[in-house]
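Breakdown of the fold
Chain by chain, the residues run as shown.
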Amino acid sequence: MEMTGAQILTEALLREGVEMVFGYAGATICPIADALLAAPGLGYTLVRTEQNAGHMASGYARVTGKTGVCIVTSGPGATNLITGIATAYMDSIPLVAVTGQVPSIQLGRDIFQEVDITGAVLPFTKHSYLVKDAAQLPRILKEAFHIASTGRPGPVLIDIPIDVQDQLVQDVEFPEAVQIRGYNPSVRGNDKQIINVAAAISSAQRPVICAGGGVFLARAEEELRDFAARTAIPVVTTMMGLSLFPTEHPLNMGMIGTHGNAAANKALAKSDLLIMIGTRVADRAIFSPDEIQKRMPNIHIDVDPAEIGKNMQSTIPLVGSAKIILQQLMERTLHADCGEWLSQLQALRREELDRTYPEQEGFVFPGRLLKLLGERLREDAAICVDVGQNQIWSCKHLRLKGGRFLTSGGLGTMGYAIPASIGVKTAQRDRQVVAVCGDGSFQMSMNELAAIRARGLDNKILLLRNGVLGLVHQSQTRPPYHGPFGVHLEGDPDFAAIAAAYGIPSLRLNREADVESTLDAFLAEPGPCLLIAEVDPAWRTTD
Amino acid sequence: MKQTISVLVENQAGVLNRITSLFSRRAFNIDSLAVGVTDDPSLSRITIIVDSGNSVVEQVEKQLNKLVEVIKVRRLDESALVGRELMIIKVSANKNNREHIMTICNICGAKAADISPTSMTLEISDTPERVRTFEDMMRPFNILEVARTGVIALQKGSGKI
Ligand SMILES: Cc1ncc(C[n+]2csc(CCOP(=O)(O)OP(=O)(O)O)c2C)c(N)n1
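Cut-offs used in this document
- Residues numbered from 1 in each chain as written.
- Chains lettered and ligands numbered in written order.
- Predicted model: local features only at pLDDT ≥ 70, side-chain atom pairs only at ≥ 80, totals over all residues.
- Heavy atoms only, no water.
- Near = heavy atom within 4 Å.
- Polar contact = N/O pair within 3.5 Å; in protein donor to acceptor, adjacent residues only side chain to side chain.
- Areas by Shrake-Rupley, 256 points an atom, 1.4 Å probe, with all protein chains shown as cover.
- Helix = DSSP H or I, 4+ residues; strand = E, 2+ residues; numbered from the N terminus.
- Nonpolar A, V, L, I, M, F, W, Y, C, P; charged D, E, K, R; others polar.
- Domains from an automatic or database assignment.
- Contact = heavy atoms within 4.5 Å.
- Buried area = accessible area lost by both parts, 1.4 Å probe.
- Pairing = 2+ DSSP bridges.
- Axes fitted to C-alpha atoms, helices over the stretch in contact; angles between N-to-C directions.

What follows covers the site of the ligand. Residues and elements named next belong to chain A. Taken together, 17 residues lie around the ligand, and Gln-389, Gly-412, Gly-440, Ser-441 and Gly-470 are the ones closest in. Here an oxygen atom of the ligand sits 2.8 Å away from a polar atom, N or O, in the main chain of Gly-440. A total of 590 Å² of accessible area belongs to the ligand in isolation, and the protein chains cover 77% of it. Of all the secondary-structure elements, those providing two or more residues to the shell around the ligand are helix H16 (389–397), helix H18 (439–445) and helix H20 (470–476). The element best represented in the shell around the ligand is H18, accounting for four residues. Among the residues forming the shell around the ligand, the class breakdown is seven nonpolar, nine polar and one charged.

Here it is, written out as structure tokens:
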């Protein structure tokens, strides 16, 4: 069989089970475009800026468990994609990013639209390839998907010069398996350590489970819920672990960290055994790891051995997949006696959940709005949240029934929510999908309303409009700073008119009394809808 | 404390770049790094000397292990390794002090590699300490230039990594 490099690429994508490619056109990927034209089995979503191809592929990957794929052109296309790749890297999202490149014989001469993209993304890709010979493509693609999706997942970049895309290869064979001698992530936990963990749990009086995004990545949601239920150990999550448990679940104490819930932070501070599962001890989650490490023993379960001991020394390190390790643990009789501890925390949690919210004429308080939104969502809804006050309010106040909460946790990339929610919707048309944005973040990705329209999607977007870059505004109005600067979004457009220009209807909300009926109308809208809620710029995330 | 890490990697373009990029990104300080192909032409061995505490060196090992092209990483036992560095050193020399220089060379196990009416170029391959001693002994003769390879090392005995 004779194939061009570009045809090998599309064939390999089909063999990997790829159904959707997010991309943007350009001269150095014309051969690939031609191969896509001849591969109707591969869906294609045209983004409006390459960064969003990364975010859409990320949303797609996170809900399907498959590897997200994006294809962009060389030079500016590739550099625009960088933020998407870095965002995925920080949250360990499996992506395969393909970039076009100038002809291989001209590499290094700074010709039109040449950038060293493999060099540029080196620090935040799991691996990368610069392909010099199309005959290597079947192997490289097999490896790329394997590396992106196994162990600790992450983005892999494949840079393909245009002549390699055109290169004819005879007798193409697609490998069934990979052989990479330097890459063998361990999945099973060490049996001796498993016994130690079980023993530590049995003797703890105030244990707490701290679950992170790694649990989703390992597809270990069920195992975690079983494990918690069987031991009745209270659970806290990181931002990346939100939605592992429904907000009102009796064991769920909420999110830890700088912007976390009181009960969760208390659980962390006062526990006598910290059981970390799929979490990397990030600074926003565990602010002073040295303190925590001195105060209590900790079990650290992670698939990436380098995370154990990186930010905090571990008493019982356990390397492997969260799914397998939880199964191994549940083969043992686990006994935890912490009823007293649990009820203390539950009381604190209840107080927090039953709190009242501030009111201000002409505005709606995001906390109450998000609480009521969550209560109205379907059980399996996906909610994609941007960055800023809107993110923190969402983490704190959304009443999740389960479903899936997605945000850019590691990089905190504004503009993530809308494209990620489009990625989710592209994969799962029947799923209820809502994005939450601030007016700053919204304007970073509002061009993607076109993708919603073009693909006939019914995404819902909640815009918390406060006229400022709220979270930065909030920090600038407190010492050591002397006042807001560069955070007033003067020149903000009429967002309803923007939506209307894309054929998307919108609703406005500026009275607490209208919140419930407006939310109902918003969610009942059969197509896409933008809900613009007026938020007081003076409100802080601590209100 | 100085520690020696021996790393087997795929002998491919770009691998060294990944490794040095890793060191700078993770803010690991290295004393020296030496690389060369092994008996198996598909493999290179990189010897890295790190001067850091145990927990940092452990992170270095773990981060290196994450690179797809890194096949094995071992911290060598400092009390049982053969470590050598090659130094080429050029000093000012003339008919009056050449013999004196050669005496020091003989004592230190160094050799003359080149000679000119006003200089001598000497080579020594030895442990880093002895190479340093030799360099110190050459200082009074006015050192013109020095090139050194960085340490390469293998564990003693018949085992291999
Ligand atoms: C791409 C990017 N640029 C800048 C920042 C820094 N930043 C963090 S939060 C924030 C303000 C976000 O404003 P907005 O989207 O209006 O949301 P709000 O805080 O008002 O809810 C900024 C500028 C960032 N996180 N990402």
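Another aspect to go through is the domain arrangement of chain B. All names here are of chain B. You can read the domains of chain B as domain 1 (2–76) and domain 2 (82–154). Here domain 1 and domain 2 have C-alpha centroids that lie 29 Å from each other. Taken together, the eight residues of domain 1 in the interface contact six residues of domain 2. Here domain 1 meets domain 2 over a buried area of about 500 Å², counting both sides, of which 65% is carbon and sulfur.

With that settled, consider the sheet that holds strand S14 (residues 316–319) of chain A. Residue and element names in this part refer to chain A. Taken in spatial order, the six strands line up as S11-S10-S9-S12-S13-S14 in an open sheet, and their pairing is parallel. Two strands lie at the open edges of the sheet, namely strand S11 (252–255) and S14, each paired on one side alone. Neighbouring strand axes in the sheet, compared pairwise and without regard to direction, differ in orientation by 15° on average. Here strand S9 (residues 207–211) pairs with strand S10 (residues 235–237) via three bridges, running parallel. Bridge pairing in S10 places Cys-210 opposite Val-236. In the packing of helix H8 (residues 191–203) onto the sheet, contacts are made with strand S12 (273–277), strand S13 (298–302) and S14, and the angle to S14 comes to roughly 130°.

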